[in-house]
Amino acid sequence: AVKAIATWGEARMVGFVEYFLTTSFERRDMDWNAAYGLARALVASDGPMSGAQLLEGFAPLFNNIEDVMCDLPKAGDHIAACIAGPVLDGTIVLSDVAEALRKAAPDGEEPGYCLAEGFALTLFAAVLARAQHMCDDADKVPALYAASGATLNDLRADCDKEDADVVPKLIAKLGLVGVA
């Protein structure tokens, strides 16, 4: 699959990521581990895409995350898992994920809708949790998080700005270690 995709132009590769994920959510028999592996292979050092291009393919999903998660409650977990591998490999930087989520908004809404409504925090934390689950090195994800300069507190929804417990509760719920 990666060899075939490598023959495509950039726009087609980016479009494929969105199409692949969107149609995969609708499949009951989807092999999600294979999908996570494909996302990781596409941006591997010998892969045809950059991490920025992969995130560009995720952008339409980020923009419509409210609808996606409403229709498909597990979508956020699958999106996070597809991003976590490349984060661990260093082909996607957590600060780029945070920035993409900060900007995300459905058509007709101001940039930042995903952030204001709380989806940015939830999805970013899910990426961290999935990366920790995938990694044997307990210090790697906290180090990547610290190096990114992104913080969970900066991704809190407008309605959660006054609630100091939102981030600690999310950290506890997801079992995040070394991330504050």
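Before reading further, recall that the structure is shown in the block above.
Here we summarise the structure given alongside this text. (Residues numbered from 1 in each chain as written. Predicted model: local features only at pLDDT ≥ 70, side-chain atom pairs only at ≥ 80, totals over all residues. Heavy atoms only, no water.)

What about the overall build of the protein chain?
Move 1: What the protein chain contains, in helices and strands, is 11 helices and zero strands.
Move 2: Whereas a compact globule of 180 residues would reach a radius of gyration of roughly 16 Å, the protein chain reaches 16 Å, a difference of no more than 12%.
Move 3: Overall size of the protein chain, expressed as C-alpha extent along the three principal axes, is 50 × 40 × 30 Å.
Move 4: The burial tally for the protein chain puts 46% of its 180 residues in the buried class.
Move 5: The long-range fraction of contacts in the protein chain, counting pairs at least 24 apart against all pairs at least 6 apart in sequence, stands at 68%.
Move 6: Here the protein chain carries 14 positive and 27 negative side-chain charges, and the mean point of each set is 6 Å from the other. (Helix = DSSP H or I, 4+ residues; strand = E, 2+ residues; numbered from the N terminus. Rg over C-alpha atoms; globule rule 2.2 N^0.38 Å. Buried < 20%, exposed > 50% of the residue type's maximum accessible area, 1.4 Å probe, protein only. Contact = heavy atoms within 4.5 Å. Lys, Arg positive; Asp, Glu negative; His and termini not counted. Charge placed at Lys NZ, Arg CZ, Asp CG, Glu CD.)

Observations regarding the side chain of Gln53
Move 1: Looking at where Gln53 falls in the secondary structure, it is placed in helix 4 (residues 51–63).
Move 2: In terms of polar contacts, Gln53 uses its side chain to reach the backbone amide nitrogen of Ser50, at 2.7 Å.
Move 3: Apart from the residues within four sequence positions on either side, Gln53 is in contact with Glu10, Val14 and Pro48. (Polar contact = N/O pair within 3.5 Å; in protein donor to acceptor, adjacent residues only side chain to side chain.)

Quick notes on the environment of Lys103
Move 1: With respect to the helices, strands and loops of the structure, Lys103 is situated in helix 7 (residues 94–103).
Move 2: Residue classification places Lys103 among the exposed positions, given a relative accessible area of 53%.
Move 3: It is 9.3 Å that separates the C-alpha atoms of Lys103 and Ala120, two residues lying 17 residues apart in sequence.

Examining the packing of helix 2 (residues 10–25) against helix 3 (residues 32–42)
Move 1: The contact between helix 2 and helix 3 brings their axes to 12 Å, and the two run at 170 degrees. One way to sum up the angle between helix 2 and helix 3 is to call them roughly antiparallel. Together, Phe16, Phe20, Leu21, Ser24 and Phe25 of helix 2 and Trp32, Ala35 and Leu38 of helix 3 make up the contact between the two elements.
Move 2: In terms of residue class, the contact of helix 2 with helix 3 is built from seven nonpolar, one polar and no charged. (Axes fitted to C-alpha atoms, helices over the stretch in contact; angles between N-to-C directions. Parallel < 35°, antiparallel > 145°, perpendicular 65-115°, else oblique. Nonpolar A, V, L, I, M, F, W, Y, C, P; charged D, E, K, R; others polar.)

Observations concerning the packing of aromatic side chains
Move 1: By the definition in use, this model includes six aromatic pairs.
Move 2: Look at Phe16 and Phe20: their rings are 5.4 Å apart centre to centre, the planes differ by 20 degrees, and that puts the pair in the stacked class. Of the two residues, Phe16 and Phe20 both sit in helix 2, four residues apart, roughly one turn of that helix. You'll find Phe16 and Phe20 in the same group, each marked buried.
Move 3: Stacked on the ring of Trp8, the Lys or Arg Arg12 has its end atom at 4.1 Å from the ring centre. (Phe/Tyr/Trp six-rings, centres within 6.5 Å; stacked < 30°, edge-to-face > 60°. Lys NZ or Arg CZ within 6 Å of the ring centre and 35° of its normal.)

Notes on the environment of Tyr19
Move 1: Checked against the element boundaries, Tyr19 lands in helix 2.
Move 2: Tyr19 sits 42 residues away from Leu61 along the chain, and the two C-alpha atoms are 9.9 Å apart.

So, helix 6 (residues 75–89)
Move 1: Helix length check: helix 6, at 15 residues, gives a terminal C-alpha distance of 22 Å against a target of 21 Å (1.5 Å per residue), a fit within 8%.
Move 2: Of all the 15 residues making up helix 6, 13 are buried; the element is thus mostly covered by neighbouring parts of the structure.
Move 3: Positive phi appears at Gly90, one or two residues downstream of helix 6, with a value of about 85 degrees. (Expected span 1.5 Å × (residues − 1).)

Here's the deal with the pattern of salt bridges
Move 1: In this structure the tally under the stated criterion is two salt bridges.
Move 2: The shortest N-O distance in the salt bridge between Arg40 and Asp89 comes to 2.8 Å. Here the residue Arg40 occupies a position in helix 3, and Asp89 occupies one in helix 6, the gap between them amounting to 49 residues.
Move 3: Classification of Arg40 by relative accessible area gives partly exposed; the value is 29%.
Move 4: The partner of Arg102 in a salt bridge is Glu99, with the nearest N and O atoms 3.2 Å apart. Remark: Glu99 and Arg102 occur in helix 7; sequence separation between them is three residues, near one turn of the helix. (Salt bridge = Lys/Arg side-chain N within 4 Å of Asp/Glu carboxyl O.)

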